Amino acid sequence: MATYKEVLPNYGKLDIYINGKFISSETHEYLKVFNPAKDEVIAQVPNTLKEEVDEAVESAYEAYLKWRETPIPTRVQYLFRIKDVLERHKDEIARIIVQNHGKIYDEALGEVRRAIENVETAIGVAYLLQKGEYLENVAGGIDEYLVREPLGVAAIISPFNFPVMVPFWFIPYALAVGDTVVVKPSEITPVPFHWVMKLLHEEARLPPGLINVVYGLGNVGEALISHKKVFGVAFVGSTRVARIIYKRVGELGKKALLQAGAKNFAVVMPDAKMDRTVTNLISSFFGNTGQRCLANSVLVPVGEAYDKVVPKFIELAKQLKLGYGLDEDVDMGPMVTRKSLERVHYYIEKGLEEGAKLSLDGRNVKVEKYPNGYFIGPTVFEDVTPEMTIAREEIFGPVASVIKASTLDEVIDMVNKSEYGNATSIFTSSGEVARKYRRSVNVGNVGINIGIAAPMAFFPFGGRKESFFGIVHGQVDSLDFFTDKKIVIERWW
Ligand code: NAD
């Protein structure tokens, strides 16, 4: 029995959004957008032409010239309107996220909640954090002060896995400080953000040109980044693409805030509260079907923790119910595309080839009502070593690799040798152990007895090593990305 209804069965050809108007792209190249639980086409998305990208940037630039002059209390009223629209329509937005991405309804609703929190935090940024500094009499009769200025048009390029939350990691802060944006959502999951723009268009009545949207592949991203009037790019996605963009942005001399791939380790100490630890680990490894940059991917029980945690972890993983996230009692949805499913199968083969023991095999699961969906069940490998491919590379699916460790120092060494540095979690009852761990690991986010180390909007978000490129992190810290500081020193004879 269906609990939640799809908003529409099909969203047709998605229009790009320029200068406050939905426009049908002139391109002949449209890409199919799928519902991954059903393997059905639910929309078509244009690979926007370069001239249209240029038009979107010009429109954002024209809007910026007026928007930066708009008083802050007026700008903030528009942010309140955006919050109001998201709040009132969160259920319908969540259902479209499920339909296009495949995550379960509660996860989708949580995603919209996170987007709203960023709007709320940006309202605080507008009023409180962008204030400048002033120092009187730095020399005889001379005063000096600092003002933050907006920079113009920012490019926002987002990944498939959080189609609404990730654009909202940036949009509200850009608008709060007086910038405008051109957003390029993922070509795989463009429908939820498209729907958000439709709602904002109808109900928020923002000044035209503040938020512009173009769709498509890497060529559209490249056209956007290289436009002269774009001052910088806020990107979230894979390390492979982040590296391409970082190089390009370097050549062009622009700003970059690039949040990239991950390989996260969860450590369990023998003194952890095992029942709560295991349930927390299950949602960390298999929530969103493992397609979260903060999902744990490698499980490292230390010493006696192994026997206390691994059998129970496997037992609970086996019980997860797969299905369509809009149906009742579903714990885990499908992978987002057939290609992603094939990638996970590839890594499972690789684990077997390299000698890991496949203790729980999620391949060939049958989901009765949805025989064509891109499903794979929770998968657990034991006897994994840190050198194996499955312990090093980002799988981005519901596959847990278990590595046995004898000491905490061994785990710290393992985490610090990883190419990635997005997040890690430790489960323990010892404050001393937790403190040592959080101080020793070279990662951006640490969870202590928490499996998904997600910072709230009012804390910055970013990783280290191959998980982040740039200087300024996301969420509240993006204030420093979207503004620059001007110093004025003055004397009045
Ligand atoms: P992806 O890198 O394939 O795509 C991300 C975006 O970049 C898409 O919009 C895509 O069209 C665009 N793009 C592709 N090539 C480009 C190019 N040459 N120039 C400009 N834009 C280009 O990532 P994905 O598969 O959509 O998302 C999954 C990845 O995102 C995972 O690696 C995951 O770890 C990462 N991720 C990281 C965070 C974080 O905060 N660190 C958060 C979410 C996801």
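Residues numbered from 1 in each chain as written. Predicted model: local features only at pLDDT ≥ 70, side-chain atom pairs only at ≥ 80, totals over all residues. Heavy atoms only, no water.

On to the side chain of Thr-27. Mapped onto the elements, Thr-27 comes out in the loop between strand 2 (21-23) and strand 3 (30-35). Given the relative accessible area of 9%, Thr-27 is considered buried. A polar side-chain atom of Thr-27 sits 2.9 Å from the main-chain amide nitrogen of Glu-29. In this structure the side chain of Thr-27 is engaged in a polar contact, spanning 3.3 Å, whose partner is the backbone oxygen of Asn-47. Those residues in contact with Thr-27 that lie beyond four places of it in its chain are Pro-46, Asn-47, Leu-49 and Glu-52. (Helix = DSSP H or I, 4+ residues; strand = E, 2+ residues; numbered from the N terminus. Buried < 20%, exposed > 50% of the residue type's maximum accessible area, 1.4 Å probe, protein only. Polar contact = N/O pair within 3.5 Å; in protein donor to acceptor, adjacent residues only side chain to side chain. Contact = heavy atoms within 4.5 Å.)

Grouped burial of nonpolar side chains is what soluble globular proteins tend to show. Membership of the largest hydrophobic core comes to 134 residues, with the highest contact counts inside it found for Ile-211, Phe-286 and Phe-313. Contact partners of Ile-211, with chain neighbours within four places excluded, come to Tyr-17, Ile-171, Leu-175, Val-181, Val-183, Met-197, Leu-200 and Leu-206. (Core = buried A, V, L, I, M, F, W, Y, C linked by side-chain atoms within 4.5 Å.)

Let's shift gears to the site of the ligand. Close to the ligand lie 28 residues, the nearest being Ser-158, Glu-187, Ser-238, Ala-260 and Glu-394. Within the contact set of the ligand, an oxygen atom lies 2.9 Å away from a side-chain nitrogen or oxygen of Lys-184. The separation between an oxygen atom of the ligand and a polar side-chain atom of Glu-394 is 2.6 Å. Here the ligand, which alone exposes 860 Å², has 88% of that area covered by the protein. Where the shell around the ligand is concerned, the elements lending two or more residues are helix 7 (218-226), strand 10 (230-236) and helix 8 (239-252). Looking at side-chain class alone, the shell around the ligand contains 14 nonpolar, eleven polar and three charged residues. (Near = heavy atom within 4 Å. Areas by Shrake-Rupley, 256 points an atom, 1.4 Å probe, with all protein chains shown as cover. Nonpolar A, V, L, I, M, F, W, Y, C, P; charged D, E, K, R; others polar.)

Alternating residues of strand 16 (residues 399-402) divide into Val-399 and Ser-401 and Ala-400 and Val-402, and every residue in both groups is buried. Summarising the sheet, strand 13 (residues 296-301) and strand 16 pair through two bridges and their orientation is parallel. Counterpart to Val-298 in the pairing with strand 16 is Ser-401. (Pairing = 2+ DSSP bridges.)

Quick look at helix 13 (residues 408-417) now. Every buried residue of helix 13 is accounted for by Leu-408, Val-411, Ile-412, Met-414 and Val-415. Relative to the axis of helix 13, the buried residues are bounded by an arc of 160 degrees and lie together on one face. For helix 13, the elements touching its buried residues are strand 12 (264-268), strand 13, strand 18 (423-427), helix 14 (431-440) and strand 21 (464-465). (Arc of directions from axis to C-beta.)

A separate point is the environment of Lys-103. Looking at the secondary structure, you find Lys-103 in the loop between helix 3 (90-101) and helix 4 (105-129). If we ignore the near neighbours within four places in the chain, the residues touching Lys-103 are Ile-97, Val-98, Ala-108, Glu-111, Asn-161, Phe-162, Pro-163, Asn-288 and Gly-325.

Overall, the coordinates contain 31 salt bridges when judged by the stated rule. Via salt bridges that share partners, Lys-83, Glu-87, Lys-90, Arg-113, Arg-114, Glu-117 and Glu-120 belong to a single interconnected network. (Salt bridge = Lys/Arg side-chain N within 4 Å of Asp/Glu carboxyl O.)

Attention now moves to the domain arrangement of the chain. Segmentation of the chain into domains returns domain 1 (16-260 + 467-490) and domain 2 (264-448). Each of domain 1 and domain 2 was reduced to a C-alpha centroid, and the two centroids are 31 Å apart. Domain 1 puts 23 residues into the contact, and the matching count from domain 2 is 26 residues. At the boundary of domain 1 with domain 2, total buried surface from both sides reaches about 2,000 Å², with 60% on carbon and sulfur atoms. Applying the counting rule to domain 1 against domain 2 returns ten residue pairs in polar contact (both at pLDDT 80 or more). Those elements that place two or more of their residues in the side of domain 1 that touches domain 2 are strand 3, helix 3 and helix 4. Broken down by element, the residue count for the side of domain 1 that touches domain 2 peaks at five residues, all from helix 3. Taken together, the residues of the side of domain 1 that touches domain 2 sort by class into nine nonpolar, nine polar and five charged. (Domains from an automatic or database assignment. Buried area = accessible area lost by both parts, 1.4 Å probe.)

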